Amino acid sequence: MTKAIQKITLSPSRDIPFNKLVLSQSNVRRVKAGISIEQLAESIAQRTLLQSLSVRAVVDAEGVETGMFEVPAGGRRYRALELLVKQKRMAKTQAVPCVVREGGIAEDDSLAENDERVGLHPLDQFRAFQTLSGAGMSEEDIAARHFVTPGVVKQRLRLASVSPKLHEIYAEDGMTLEQLMAFSVTADHARQEQVWENVSRSGYDEPYQIRRLLTENTVRASDRRVQFIGLDVYEQAGGGVLRDLFEHDDGGWLQDVALLDRLVTEKLKAEAETIAAEGWKWISVAVDFPYGHTNGLRELEGKPVDLTSEEQATIDALNVEQAKLESEYQDADELPEEVDQRLGEIEAALLAFEDRPETYDPAGIAQAGVFVSIDSEGRLSVDRGYVRPEDEAPAADFDVERGTDASPDEGQKVGASATRTAISVAGASTEPEEDDEDPARPLPDRLIIELTAHRTLALRDALAENPEVAFQAVLHNFVLTAFYRFASSGSCLEIGLRTPTFPAQAPGLRESVSAKAVEARHESWKARLPKSENDLWDALTALDGTAQASLFAHCASFAVNALYEPENRYNQGRVSAHGVRTRLDQADVVARAVGLDMVEAGWRPTVDSYLGRVTKPRILEAVRQAKGESSAQLIDHLKKADMAKEAERLLDGSGWLPEPLRLVDSSAASLEQEGEAGPLPEFLDDEEDPVNARNDDPQQLDAAE
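Residues numbered from 1 in each chain as written. Predicted model: local features only at pLDDT ≥ 70, side-chain atom pairs only at ≥ 80, totals over all residues. Heavy atoms only, no water.

Draft legend 1. Focus on the pattern of salt bridges. Overall, the coordinates contain 30 salt bridges when judged by the stated rule. The partner of R201 in a salt bridge is E197, with the nearest N and O atoms 3.6 Å apart. Of this pair, R201 and E197 both sit in helix 9 (residues 189–202), separated by four residues, roughly a single helical turn. On the basis of relative accessibility, which here comes to 48%, the residue E197 falls in the partly exposed class. (Salt bridge = Lys/Arg side-chain N within 4 Å of Asp/Glu carboxyl O. Helix = DSSP H or I, 4+ residues; strand = E, 2+ residues; numbered from the N terminus. Buried < 20%, exposed > 50% of the residue type's maximum accessible area, 1.4 Å probe, protein only.)

Below you can see the structure in the form of structure tokens.
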């Protein structure tokens, strides 16, 4: 006989006046969580009570109902209603919908009500906010009604706008909330889905990697080009900007790079047109000019514009105020904030007067030109007064300059007209992307050229600081030329005096320590030498032996050529492969003689200078050599761009150098040729166990969290 299924009976519900309810001590909730009682009361005031209270009749000692009811489940709602009564926003006799429970244990009811409550999935919340927004509610209204900030509403609406396909993956726990946040950087659903397909298949799906892929063809708002024209100008021209609402993004990413470059060029050309009114023969315009772009050009000397009487009076007053403040607080351990700020303002004002415009001789302006570019801070940079060799007057009396056979860039050549300023815009070259999966592929020729350009510049600086070695190097070159018929091309000094140019511009070359030292030394000597070449002989005669030797070393340093040149397939280049090898060997000899250290010269392995230009195996090998196998393992799972970035941080301060920049020890090289391994460089000679070293060095543990 089949047993009948017992039907359940639900507890009855009834409306009970609030003043007949009391809070039960059987409520299991003791710890505050969720929104506050005040916020819940406000929600009830806006929407009324959305969920009934669970109550039990209060009985006396004989078990007779007293007419009062206790609330074991719904205590927070009871407290919120109680607050509304205290605020006189609700009558104390207001009927409250309740479910009346009989039997069982009150604590069991309270626990079950809380245990069985399922929180809203974040995606449902995002979509609900989107529905409210679509119904006409503003972000501020939504925030006020749901007790969050407008910024939180904006974030959740952005998450709701991500591709529905990715929403479904997130709903099925196929991606994390942090990954979904990363996809909100762009509104392009097709691109979002394409990136997810790539990262989910490769396993490189960290949020920062997703953001990088979504913004790889954009330009950061902090870029100097953006600073130059202003982000508002770009946006007014119709350019789109990607913004990250969940992380600091430095102002976002500009999507239309072609529009940005066009706006920058137009503004630079407009500035050039204004400068052209000064009467210059030519103006060359570029976002940035390569290192050495003024080689072979004679620089005019300008005279600062005379100060007006008002400006001089202002300067005098600022000097008096500065002296007074410095005297008043000379014994103070720390300057008051307002005094320190005022001294800074005075210093800035005085520097502005020193940096006033210069005037030039009209005859010089008619044959000279101007370089117009953008500095590293995004400000207009105007470099006036350069005369090209082809524009020199036949009988002109020139300033002393170093000798060079470098010719101006093709994009900067002057037009035929001498009456109208010729304005030219220099273009930028790009390097094609290469496959980086072949670990045995040699370093790219361009990269070696750039690395050896850094080394050539550093070697010039080091040679100039060692007059004895410079003198011997030049003497060596002269002997080669006089006694060894075909040996002159094997030297690394190109005496003539001819200054070799760098065919590839390495990143940061203009701002390197060596470049600044060479330029400062040259300007110092230029100030000491006569302006007319007719007076040069007597001026040199007046120098003592030490000064002559220093000047000799400085001039000789400009002939240094330690550049690598790729081997020509048919051996028809300017120099043969053997000649390049001999040149580099001679450069090693001179480098050892002057004690050249590229680390001390300021070169560092960065993403731009090396790590982003080589294969992943080479990046790992660099970290392995400098930090050990344990550090290499920390980043071996990353994609190339992220690996290069983390490797830059790991290698910072390690002293590691790529092979073209290392100082080759001749004795070690001989041992290597004989089959014996020479001693490792100091920064690689680490006898500690790699595992222990990893434990001892906390910097190696945070490479790629």
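Draft legend 2. Structural view of the sheet that holds strand 5 (residues 95–101). Spatially, the five strands line up as an open sheet ordered 1-5-3-4-2, and their pairing is mixed. At either end of the open sheet lies a strand with only one pairing partner, and these are strand 1 (13–17) and strand 2 (21–23). Averaged over neighbouring strand pairs, the angle between their axes works out to 50° when direction is ignored. Here strand 3 (residues 53–59) pairs with strand 5 via four bridges, running parallel. Residue pairing for strand 5: R56 is matched across the bridge by R101. Contacting strand 2, strand 3, strand 4 (65–73) and strand 5, helix 2 (residues 75–86) crosses the sheet at an angle of about 120° to strand 2. (Pairing = 2+ DSSP bridges. Axes fitted to C-alpha atoms, helices over the stretch in contact; angles between N-to-C directions. Contact = heavy atoms within 4.5 Å.)

Draft legend 3. Up close: the pairing of strand 15 (residues 422–425). Only one face of strand 15 is covered, namely the face carrying A422 and S424; the face carrying I423 and V425 is uncovered. Sheet topology places strand 9 (residues 282–285) next to strand 15; four bridges connect them, and they run parallel. Residue pairing for strand 15: V285 is matched across the bridge by V425.

Draft legend 4. Representation of a negative patch on the surface. A surface patch of like charges, here negative, comprises D333, E334, E337, E338 and D340. Within the element layout of this structure, E338 appears in helix 15 (residues 337–354). (Patch = residues over 30% accessible without salt bridge, like charges linked within 9 Å, V, L, I, M, F, W, Y side chains within 5 Å. Areas by Shrake-Rupley, 256 points an atom, 1.4 Å probe, with all protein chains shown as cover. Lys, Arg positive; Asp, Glu negative; His and termini not counted. Charge placed at Lys NZ, Arg CZ, Asp CG, Glu CD.)

Draft legend 5. Spotlight on helix 15. Look at helix 15: 26 Å from first C-alpha to last across 18 residues, which is about the 26 Å you get at 1.5 Å a residue. Of the residues making up helix 15, those classed as buried are V339, L343, I346, L350 and F353. Buried residues of helix 15 fall within an arc of 80° about the axis and therefore sit on the same side. Away from its buried face by more than 90 degrees, helix 15 exposes E337, E338 and A352. (Expected span 1.5 Å × (residues − 1). Arc of directions from axis to C-beta.)

Draft legend 6. How the structure looks around the confidence of the model for the protein chain. Chain-level statistics for the protein chain give a pLDDT mean of 78 and a share of 78% at 70 or above. The low-confidence segment residues 395–418, where pLDDT is below 50, has 50 contacts with residues more than four positions distant or belonging to other chains. Under a pLDDT of 50 for its full length, residues 668–705 has, in the predicted model, 40 contacts with residues more than four places off or in other chains. (pLDDT = per-residue confidence, 0-100.)

Draft legend 7. Here's a closer look at the environment of L214. Along the chain, L214 falls in helix 10 (residues 207–214). According to the relative accessible area criterion, L214 is buried, its value standing at 8%. Taking the C-alpha atoms as reference points, L214 and A182, separated by 32 residues in sequence, lie 8.8 Å from one another. Ignoring sequence-local partners within four residues, the contact set of L214 consists of A182, F183, T186, R191, Q192, V195 and L242.

Draft legend 8. Summary view of the packing of helix 9 against helix 10. In the contact formed by helix 9 and helix 10, the axes pass within 10 Å of each other and the chain directions differ by 130°. It follows that helix 9 is oblique to helix 10 by the angle criterion. Relative to helix 10, helix 9 is oriented so that their crossing is right-handed. Residues R191, Q192, V195 and V199 of helix 9 pack against I210, L213 and L214 of helix 10. Its residues assigned to classes, the contact of helix 9 with helix 10 comprises five nonpolar, one polar and one charged. (Parallel < 35°, antiparallel > 145°, perpendicular 65-115°, else oblique. Left-handed = near helix turned anticlockwise from the far one by under 90°. Nonpolar A, V, L, I, M, F, W, Y, C, P; charged D, E, K, R; others polar.)

Draft legend 9. The side chain of D642, seen in detail. Residue position: D642 is located in helix 25 (residues 640–651). Judged by its relative accessible area of 4%, D642 is buried. A distance of 3.4 Å separates a polar atom in the side chain of D642 from a polar atom in the side chain of Q209. Apart from residues no more than four positions distant in its own chain, D642 is found in contact with Y208, Q209 and R212. (Polar contact = N/O pair within 3.5 Å; in protein donor to acceptor, adjacent residues only side chain to side chain.)

Draft legend 10. Local environment of the side chain of H454. For H454, the location among the structural elements is in helix 17 (residues 445–464). On the basis of relative accessibility, which here comes to 10%, the residue H454 falls in the buried class. With residues near it in sequence (within four places) discarded, H454 still touches A506, P507, G508, L509, M598 and W603.

Draft legend 11. Up close: unusual backbone geometry. Notably, K88 is not glycine yet its phi reads approximately 60°, a positive angle. Of the residues examined, K88 reaches a relative accessible area of 75% and is grouped as exposed.

Draft legend 12. Spatial organisation of helix 22 (residues 577–594). Here helix 22 spans 26 Å end to end across 18 residues, near enough to the 26 Å set by a 1.5 Å rise per residue. Listed as buried for helix 22 are G579, V580, R583, L584, A587, D588, V590, A591 and V594. G595 sits one or two residues past helix 22 and shows a positive phi near 65°.

Draft legend 13. Expanded view of the sheet that holds strand 8 (residues 253–254). Strand order in the open sheet formed by three strands is 6-8-7, with antiparallel pairing between adjacent strands. Two strands close off the open sheet at either side, each with one partner strand: strand 6 (219–220) and strand 7 (241–242).

Draft legend 14. Inspection of the packing of helix 17 against helix 21 (residues 545–557) at higher detail. Packing of helix 17 against helix 21 leaves a shortest axis separation of 8 Å and a crossing angle of 165°. Here helix 21 runs roughly antiparallel to helix 17, going by the angle between their axes. In terms of crossing hand, the pair formed by helix 17 and helix 21 is right-handed. In this structure, helix 17 contributes R460, L463 and A464 to the contact, and helix 21 contributes A553, H554 and S557. Partitioned by chemical class, the residues of the contact of helix 17 with helix 21 number three nonpolar, two polar and one charged.

Draft legend 15. Focus on the pairing of strand 13 (residues 369–374). Taken across its six residues, strand 13 has six buried, putting it largely inside the fold. Both faces of strand 13 are covered, namely the face carrying G369, F371 and S373 and the face carrying V370, V372 and I374. Where strand 9 meets strand 13, four bridges bridge the pair, whose relative direction is parallel. Bridge pairing links V285 to V372 in strand 13. Sheet topology places strand 13 next to strand 14 (residues 380–387); six bridges connect them, and they run antiparallel. Pairing of I374 across the sheet is with L380, part of strand 14. Counted along the chain from strand 13 to the antiparallel partner strand 14, the turn is five residues long, and its residue G378 has a positive phi close to 85°.

Draft legend 16. Here's a closer look at the nonpolar core. In this structure, L459, L463, L596, M598, Y610 and I635 are the most contacted members of the largest nonpolar core, which totals 50 residues. Within the residue set of this core, elements represented by two or more residues are helix 17, helix 18 (467–483), helix 21, helix 22, helix 23 (616–627), helix 24 (629–635) and helix 25. Here this core takes eight residues from helix 17, the largest share from any one element. Discounting residues that sit within four places of it in the chain, L459 has contacts with V560, A562, A587, V590, A591, V594 and L596. Formed by 26 residues, the second largest nonpolar core is a distinct cluster that contains V219, V226, I275 and W280. (Core = buried A, V, L, I, M, F, W, Y, C linked by side-chain atoms within 4.5 Å.)

Draft legend 17. The arrangement of the packing of aromatic side chains in detail. All chains considered together, the criterion is met by seven aromatic pairs. Measuring from ring centre to ring centre gives 5.1 Å for F289 and F371, while their planes differ by 75°; the resulting arrangement is edge-to-face. Taken together, the residues F289 in the loop between strand 9 and strand 10 (298–299) and F371 in strand 13 connect sequence positions 82 residues apart. Across this residue pair, the class does not change: F289 and F371 are buried. Measuring from ring centre to ring centre gives 5.5 Å for Y610 and W656, while their planes differ by 55°; the resulting arrangement is tilted. Here W656 lies in the loop between helix 25 and helix 26 (666–673) and Y610 lies in the loop between helix 22 and helix 23, a separation of 46 residues in the sequence. Comparing Y610 with W656, the two get one shared label, buried. Members of the aromatic cluster, each reached through a chain of ring pairs, are W282, F289, F371 and Y386. Over the face of the ring belonging to F228 we find K267, whose NZ or CZ atom lies 4.5 Å from the ring centre. A cation over an aromatic ring shows up here: R388 above the ring of W282, its NZ or CZ 3.6 Å from the ring centre. (Phe/Tyr/Trp six-rings, centres within 6.5 Å; stacked < 30°, edge-to-face > 60°. Lys NZ or Arg CZ within 6 Å of the ring centre and 35° of its normal.)

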